[in-house]
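Single-letter residue listing:
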Amino acid sequence: MMAIRLGVFVTCAVIISACMGSEENDLLQWMAEQKAQTKPKVVPIPEPKLFKPESYKQVGAVEPFSRDKLTQALRRDSSQVAANGALVAPELARRKEPLEAFPLDSMALVGSMVRAGEPVALVKVDRLLYQVRPGNYLGQNYGRVVKINETEVTLREIVQDAIGEWIERSATLQLQEGKK
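Because the structure is a prediction, the values reported are computed rather than measured. (Residues numbered from 1 in each chain as written. Predicted model: local features only at pLDDT ≥ 70, side-chain atom pairs only at ≥ 80, totals over all residues. Heavy atoms only, no water.)

**Some thoughts on the sheet that holds strand β2 (residues 118–125)**
Turning to step 1, where the next piece is worked out: Within the open sheet, the three strands sit side by side as β1-β2-β3. Their pairing is antiparallel. A single partner strand is all that each edge strand has here, and the edge strands are β1 (108–115) and β3 (128–132). Each neighbouring strand pair of the sheet contributes to a mean axis angle of 25°, computed without reference to strand direction.
Turning to step 2, where the next piece is worked out: With seven bridges joining them, β1 and β2 adopt antiparallel strand pairing. Counted as the bridge partner of V114 is P119 from β2. (Pairing = 2+ DSSP bridges. Helix = DSSP H or I, 4+ residues; strand = E, 2+ residues; numbered from the N terminus. Axes fitted to C-alpha atoms, helices over the stretch in contact; angles between N-to-C directions.)

Laid out in structure tokens, this is it:
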């Protein structure tokens, strides 16, 4: 029984070794043939275009980077700013009120009342309570109180837009119920 197993094992080993050698040689031969037949195709890079400098022909015209052109542009811009700056000029000259040191979003309207026939809003900032009347200033954008009612304070703010011009916009401070 042992002899039969040994014989089968030797026979299988011989068959496997015979198959392996010939396939490997065939594969290596095929790879060598394919490598010899393959020719790489390289597309040549086109020649770069020749740069030809042009001379400046606008001798009589104003150069784009001259001081004269810059001075004209600055005069034009300053006259526009002066026309729009009339809105904010009196605002800059006056004395600032205490609530102008805080941004509007850090303030909370906690109540309102009427005192001597005039509406008064109670605004809380940093755990302190302030009385605000129409005409007072709030926030960092020159906001002036225009109207006070039971649920909100309406402001007129003067801010700069994207191109630097002063514009007027409306803002409100709404009643904050349940905030402590």
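**What about the pairing of β3?**
Turning to step 1, where the next piece is worked out: Across five bridges, β2 lies against β3 in antiparallel orientation. Across the sheet, the residue bridging to K124 is L129, located in β3.

**With respect to the sheet that holds strand β4 (residues 137–138)**
Turning to step 1, where the next piece is worked out: Taken together, the four strands give an open sheet; going across it, the order is β4-β5-β6-β7, and neighbouring strands pair in antiparallel fashion. Edge strands, defined here as strands with exactly one partner in the open sheet, are β4 and β7 (166–174).
Turning to step 2, where the next piece is worked out: Inspection of the sheet shows strand β6 (residues 152–160) paired to β7 by nine bridges, in the antiparallel sense. For E152, the partnering residue across the bridge sits in β7 and is Q174.

**Observations regarding the side chain of R94**
Turning to step 1, where the next piece is worked out: Inspection of the secondary structure assignment puts R94 in the loop between α3 (89–93) and β1.
Turning to step 2, where the next piece is worked out: Only 2.7 Å separates the side chain of R94 from the side chain of E100, close enough to count as a polar contact.
Turning to step 3, where the next piece is worked out: Once you skip the residues sitting within four places of it in the chain, R94 turns out to touch E100, Y137 and Y142. (Polar contact = N/O pair within 3.5 Å; in protein donor to acceptor, adjacent residues only side chain to side chain. Contact = heavy atoms within 4.5 Å.)

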